[in-house]
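Topology and contacts: notes
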Amino acid sequence: MKQTLAAFAVGLVFGLGLVTSQMINPAKIIGFLNVAGDWDPTLAVVMASALATSFIGYRLVLARHAPLLDEAFHLPANTRIDRKLIIGAGVFGIGWGLSGLCPGPGVAASAVGGALPFVYLAAMLAGMRARDLVKL
Amino acid sequence: MDSFTPLSAAIGGFLIGAAAVLLMAFNGRIAGVSGIVAGVLSPAAGDWRWRAAFVAGLFAAPLVAWAVSGERPAIDFVHPLWAIIAGGLLVGFGARLGGGCTSGHGVCGMARLSKRSVVATATFMATAIATVTILNAATATVQ
């Protein structure tokens, strides 16, 4: 129960960060990716600020033995840089550039953006399911 | 560059980073949205409750912001419907195959100095920039 409440509160903070920085707006994302045109560096500032905060915060948190509401930290064990990582990230980037939305902003945008973000989310879920069906 | 909004970007970025730190501090989890969403859908996962709660918080945030500020957050799509659908499909497929998205690799993994995440982030930034550049060039030619 406590974990569920914490996750809701954290999701809220995360989403407020996306709204404040306008990262839920596809036009801002495309503006950043459009380096050959009228470039909007906003996303770079968001990323730098998020990384500085999480870099310092993670060091403090991960120095502890365990999180506050669980017995151990759940950290990714995979360290291999393989074909799946490169192809997956490459395909992800193409989809990000086409739509202007990645998963977090997609969920948040669907609360206030009319029908189109839901169309995007439905396609995203289908894409996730498709990965489970493909042998790669 | 009229649209550059550095101050709100720095504040928003801080909130995103703080959320990543808090999820690790409380639940010991990486704040990777594609992985969290996929875990909600997967019936095999016994830990779907915190994942669903995180997604609910993410969904509630723009509504809270709207209620407090009185201003509806702008959602302006740039590209046509086919690009939104194809984009969603590729984002979902690619995020699962590559083990993460902008939040998991781009923020959490990079903050942990994970080599996988650095490579993934450089890769998706490059293909996203290439996609937008090509799409814009194609659109300009048509017009």
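To start, this report covers the structure provided alongside it. Just so it is clear, the structure is predicted and the values come from calculations on it, not from any experiment.

Some points on the environment of A:D70
Structurally, A:D70 is set in the loop between α3 (42-62) and α4 (83-99). A residue is classified by how many C-beta atoms lie within 10 Å of it, and A:D70, with 16 of them, is partly exposed.

Observations regarding the environment of A:L12
Looking at the element boundaries, A:L12 is found in helix α1 (residues 2-20). Taking C-alpha positions, A:L12 is 25 Å from A:R64, a pair spaced 52 residues apart along the chain. The residues touching A:L12, leaving out its near neighbours within four places in the chain, are B:G57, B:A60, B:A61 and B:V64.

Looking at helix α5 (residues 102-111) of chain B
Most of α5(B) sits out of view: nine of its ten residues are buried. One or two steps after α5(B), the chain reaches B:L113, where phi turns positive at roughly 60°.

Quick word on the interface of chain A and chain B
Of the residues lining the interface, 103 residues belong to chain A; the matching set on chain B comes to 99 residues. The set of elements that each furnish at least two residues to the side of chain A that touches chain B consists of α1, α2 (26-33), α3, α4, α5 (103-109) and α6 (116-133) of chain A. Take the side of chain A that touches chain B: its biggest share by element is 17 residues, from α1(A). Counted by class, the side of chain A that touches chain B contains 67 nonpolar, 31 polar and five charged residues.

Some thoughts on the packing of α3(A) against α5(B)
Contact geometry for α3(A) and α5(B): axes closest at 8 Å, N-to-C directions at 40°. Both α3(A) and α5(B) take part in a crossing whose hand is right-handed. In contact with A:M47, A:A50, A:L51, A:S54, A:F55 and A:Y58 of α3(A), α5(B) contributes B:G106, B:V107, B:C108, B:M110 and B:A111. Of the residues contributing to the contact of α3(A) with α5(B), the split by class is nine nonpolar, two polar and no charged.

So, how was this worked out
Residues numbered from 1 in each chain as written. Chains lettered and ligands numbered in written order. Predicted model: local features only at pLDDT ≥ 70, side-chain atom pairs only at ≥ 80, totals over all residues. Helix = DSSP H or I, 4+ residues; strand = E, 2+ residues; numbered from the N terminus. Buried ≥ 20, exposed ≤ 12 C-beta atoms within 10 Å, placed from the backbone. Contact = placed C-beta atoms within 7 Å. Nonpolar A, V, L, I, M, F, W, Y, C, P; charged D, E, K, R; others polar. Axes fitted to C-alpha atoms, helices over the stretch in contact; angles between N-to-C directions. Left-handed = near helix turned anticlockwise from the far one by under 90°.

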